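Descriptive structure summary
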Amino acid sequence: MAEAVSMRPGVDGEVPSTIDLRAEYVESGVKDVLEELDNSLIGLAPVKQRIRETAALLLVERARKRLGLAHETPTLHMSFSGNPGTGKTTVALRMADLLHRLGYIRKGHLVSVTRDDLVGQYIGHTAPKTKEILKKAMGGVLFIDEAYYLYRQENERDYGQEAIEILLQVMEHQREDFVVILAGYADRMDRFFESNPGFRSRIAHHIDFPDYTDSELLRIAEVMLAKQNYSLDVAGRAAMEQYIALRRRQPHFANARSIRNALDRARLRQANRLFETSNGSIGADALSTIVAADIRASRIFNSGTMQEEAAS
Amino acid sequence: MHITQGAFSFLPPLTDEQIARQAQYCIDKGWAMSLEFTDDPHPRNTYWDMWGHPMFDNPDAAALIMELKECRKVYGDRYIRFVAFDSTHGWESVRLSFIVNRPAAEPGFRLERQEAGGRSIRYTTRSYAADKPAGERYG
């Protein structure tokens, strides 16, 4: 390695001959980001694996650049595909942090947009709107949620096409200025890439987000509650377990987001229950415990009977 | 005649990279950056035309360089400057401005002497470029 470097003409004396990847890993803060990712996110093993691989690649790429072996900025644009509530936005935030610490983006902020933010309503409205968002995202990460809505196959005069063209152009020419992450449902993303080959070829990393298992969702529920200083009692925990299994079979199941909504409603019921039943003073325990009744009151548990009622 | 106006005017023209770093300094200070252009180089001409809106919410200077390049495509033959506006109470005015683009040829100014009452003389400067109508002054 050292010989290869010293043989390069025109390289000044500041170029190091060796680089300690381990030390780089710790110093750049990549280690902290990856550890935080491991600790704060439940499940998502394949995603974490992919991010670790990507981080390794970027770290090596950075080392190569320092030794004068690489000059081009690698393509960092990514696509996250998975069902709703599987943590795409959260991981995108971490990714922005990771890229910032590795020095691939200058600021490390995340700008999260959907079709509405990019596409205008009349002729000539789209380009300035898209550019405004792009300017905001410079130095950071542009996260386009449900990116496939940008492309409407049925309407060839749709303004989405204009936004796509501007986006592609900037993605290609200003690679060192920002990183684009496209996100959405797996099957629709695939179709989107099929009809927009320009995007497919400009995106280097495709990461699939699997659905959470029931036990992972239960752990997520407990973590969410713990963050707000609530806890489930034993019966409540069992009820939550049952709730998750039932909720999964319902339409519009959005993984962790459904759980968060369910917990919000459970807290509402808990507050009501305490308000109606309490006579006298109550302790912190009662105020922060969610019991089975708070969860079992959900219509998920009696949806069968409700349907029967509706039918009769 | 090389016009000197605003900050850095006695330095050689800034490169885009240097412009970006100065702009980043202003952004980090929380000032709103905007681009202005003109083809009337008279030093008392303070009201230049705006290129787009002031950019309040761009955290990175790359966005400004992008706008500057757009502006140069249209008005590359005129003077373009960056203006940094500080909105904090008590300032509420421009904190820094510097020229980022100038015409290829700057013909300079003519000094006119007007003979007034008695033997007094009034002086005025008139830019050669401004003899032509606006929009046709350079190139």
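These figures come from a predicted structure and were not determined experimentally.

**A few points about the sheet that holds strand β4 (residues 179-184) of chain A**
Residues and elements named next belong to chain A. The five strands are arranged β2-β3-β4-β1-β5 in an open sheet whose pairing can be described as parallel. The sheet is open, and its two edges are formed by β2 (110-113) and β5 (205-209), each paired on a single side. Geometrically, the sheet is characterised by an average inter-axis angle of 20 degrees between neighbouring strands, direction not taken into account. Bridging between strand β1 (residues 78-82) and β5 involves five bridges; their strand directions are parallel. For Phe-80, the partnering residue across the bridge sits in β5 and is Ile-207. Those strands touched by helix α5 (residues 88-101) are β1, β2, β3 (141-145), β4 and β5, and its axis lies near 155 degrees from that of β1.

**Quick word on the nonpolar core**
Residues and elements named next belong to chain A. Formed by 54 residues in total, the largest nonpolar core has its most connected members in Ile-51, Phe-80, Leu-99, Ile-181 and Met-240. Counting only domains with at least three residues in this core, you end up with domain 1 (2-209) and domain 2 (214-311). In this view, Leu-99 contacts Leu-58, Leu-76, Met-78, Tyr-104, Ile-105, Val-141 and Val-179; residues no more than four positions away in its chain are not counted. Formed by 32 residues, the second largest nonpolar core is a distinct cluster that contains Val-111, Val-113, Ile-133 and Phe-192.

**Let's talk about the state of the cysteines**
All names here are of chain B. Within this structure, the stated rule accounts for zero disulfides over all chains. Of all cysteine sulfurs, the one in Cys-71 lies closest to Cys-26, which takes part in no disulfide; the gap is 17 Å. We classify Cys-26 as buried; its relative accessible area is 0%.

**Overview of a negative patch on the surface**
Residue and element names in this part refer to chain A. Taken together, the side chains of Asp-187, Asp-190, Glu-194 and Asp-208 present a region of like negative charge at the surface. Per-element accounting of the negative patch gives the leading share, three residues, to helix α9 (residues 186-195). With respect to the element layout, Asp-208 can be found in strand β5.

**Observations regarding the pairing of strand β4 (residues 93-101) of chain B**
All names here are of chain B. Here strand β3 (residues 79-86) runs beside β4; their pairing, made up of seven bridges, is antiparallel. Among the inter-strand pairings, Arg-81 is bridged to a residue of β4, identified as Ile-99. Hairpin connection of β3 to β4: six residues between the antiparallel strands, including Gly-90 at a positive phi of 100 degrees.

**A look at the environment of A:Glu61**
Residue and element names in this part refer to chain A. On the secondary structure map, Glu-61 appears in helix α4 (residues 45-66). On a C-alpha basis, the gap between Glu-61 and Ala-96 in space is 17 Å, while along the polypeptide they are 35 residues apart. Discounting residues that sit within four places of it in the chain, Glu-61 has contacts with Ala-70, Glu-72, Pro-74 and Tyr-104.

**Observations regarding the side chain of B:Thr38**
Residue and element names in this part refer to chain B. Mapped onto the fold, Thr-38 is located in strand β1 (residues 32-38). Owing to a relative accessible area of 5%, Thr-38 belongs among the buried residues under this scheme. There is a polar contact of 3.2 Å between the side chain of Thr-38 and the backbone nitrogen of Asp-40. A distance of 3.3 Å separates polar atoms of two side chains, one belonging to Thr-38 and the other to Asn-45.

**Some thoughts on the domain arrangement of chain A**
All names here are of chain A. Under the domain assignment, chain A is made up of domain 1 (2-209) and domain 2 (214-311). Contacts between the two partners involve six residues from domain 1 and, on the opposite side, nine residues from domain 2. Of the roughly 580 Å² buried at the junction of domain 1 and domain 2 (both faces included), carbon and sulfur atoms supply 61%. Of all residues in domain 1, the largest losses of buried area upon contact with domain 2 belong to Ile-42, Pro-84 and Gly-85, amounting jointly to 80% of the total for that side. Counting every contact that joins domain 1 to domain 2 gives zero salt bridges. Counting across the interface, domain 1 meets domain 2 through two residue pairs in polar contact (both at pLDDT 80 or more). For the side of domain 1 that touches domain 2, the class distribution of residues is two nonpolar, four polar and no charged.

**Observations regarding the packing of aromatic side chains**
To describe a pair of aromatic rings, one takes the distance between the centres and the angle between the planes. Going through the model one piece at a time under the given rule, you end up with 12 aromatic pairs over all chains. Where A:Tyr148 meets A:Tyr149, the ring centres are 5.3 Å apart and the plane angle is 70 degrees; that geometry is what we call edge-to-face. On the accessibility criterion, A:Tyr148 (7% relative accessible area) is buried. What links up through ring pairs into an aromatic cluster is the set A:Tyr148, A:Tyr149 and A:Tyr185. Lying over the aromatic face of B:Trp48, B:Arg81 brings its terminal NZ or CZ to 4.1 Å of the ring centre.

**Things to note about the sheet that holds β3(B)**
Through backbone hydrogen bonds, the strands of a sheet pair up, either in parallel or in antiparallel fashion. All names here are of chain B. Taken together, four strands build an open sheet; the order of strands is β2-β1-β3-β4 and the sheet is antiparallel. Of all the strands in the sheet, the pair left with one neighbour each is β2 (49-55) and β4. Pairs of neighbouring strands in the sheet enclose a mean axial angle of 20 degrees, with direction left out of account. In terms of strand pairing, β1 meets β2 through four bridges, oriented antiparallel. In the strand pairing of β2, Met-33 is matched with Met-55. Of the strands in this sheet, β1, β2, β3 and β4 touch helix α2 (residues 62-75), which is tilted by about 165 degrees from β2.

**Here's the deal with the interface of chain A and chain B**
The interface of chain A with chain B comprises 10 residues on the first partner and 12 residues on the second. At the boundary of chain A with chain B, total buried surface from both sides reaches about 1000 Å², with 57% on carbon and sulfur atoms. Of all residues in chain A, A:Lys107, A:Lys135 and A:Lys136 bury the most surface against chain B, accounting for 53% of the area lost on that side. If you look at where chain A meets chain B, you find five salt bridges. Salt-bridge contacts for A:Lys136 lead to B:Asp57; the nearest nitrogen and oxygen are separated by 3.6 Å. At the junction of chain A and chain B, the tally comes to three residue pairs in polar contact (both at pLDDT 80 or more). Per-class residue counts for the side of chain A that touches chain B are one nonpolar, three polar and six charged.

What counts as what
- Residues numbered from 1 in each chain as written.
- Chains lettered and ligands numbered in written order.
- Predicted model: local features only at pLDDT ≥ 70, side-chain atom pairs only at ≥ 80, totals over all residues.
- Heavy atoms only, no water.
- Pairing = 2+ DSSP bridges.
- Helix = DSSP H or I, 4+ residues; strand = E, 2+ residues; numbered from the N terminus.
- Axes fitted to C-alpha atoms, helices over the stretch in contact; angles between N-to-C directions.
- Contact = heavy atoms within 4.5 Å.
- Core = buried A, V, L, I, M, F, W, Y, C linked by side-chain atoms within 4.5 Å.
- Buried < 20%, exposed > 50% of the residue type's maximum accessible area, 1.4 Å probe, protein only.
- Domains from an automatic or database assignment.
- Disulfide = S-S within 2.5 Å.
- Patch = residues over 30% accessible without salt bridge, like charges linked within 9 Å, V, L, I, M, F, W, Y side chains within 5 Å.
- Areas by Shrake-Rupley, 256 points an atom, 1.4 Å probe, with all protein chains shown as cover.
- Salt bridge = Lys/Arg side-chain N within 4 Å of Asp/Glu carboxyl O.
- Lys, Arg positive; Asp, Glu negative; His and termini not counted.
- Charge placed at Lys NZ, Arg CZ, Asp CG, Glu CD.
- Polar contact = N/O pair within 3.5 Å; in protein donor to acceptor, adjacent residues only side chain to side chain.
- Buried area = accessible area lost by both parts, 1.4 Å probe.
- Nonpolar A, V, L, I, M, F, W, Y, C, P; charged D, E, K, R; others polar.
- Phe/Tyr/Trp six-rings, centres within 6.5 Å; stacked < 30°, edge-to-face > 60°.
- Lys NZ or Arg CZ within 6 Å of the ring centre and 35° of its normal.

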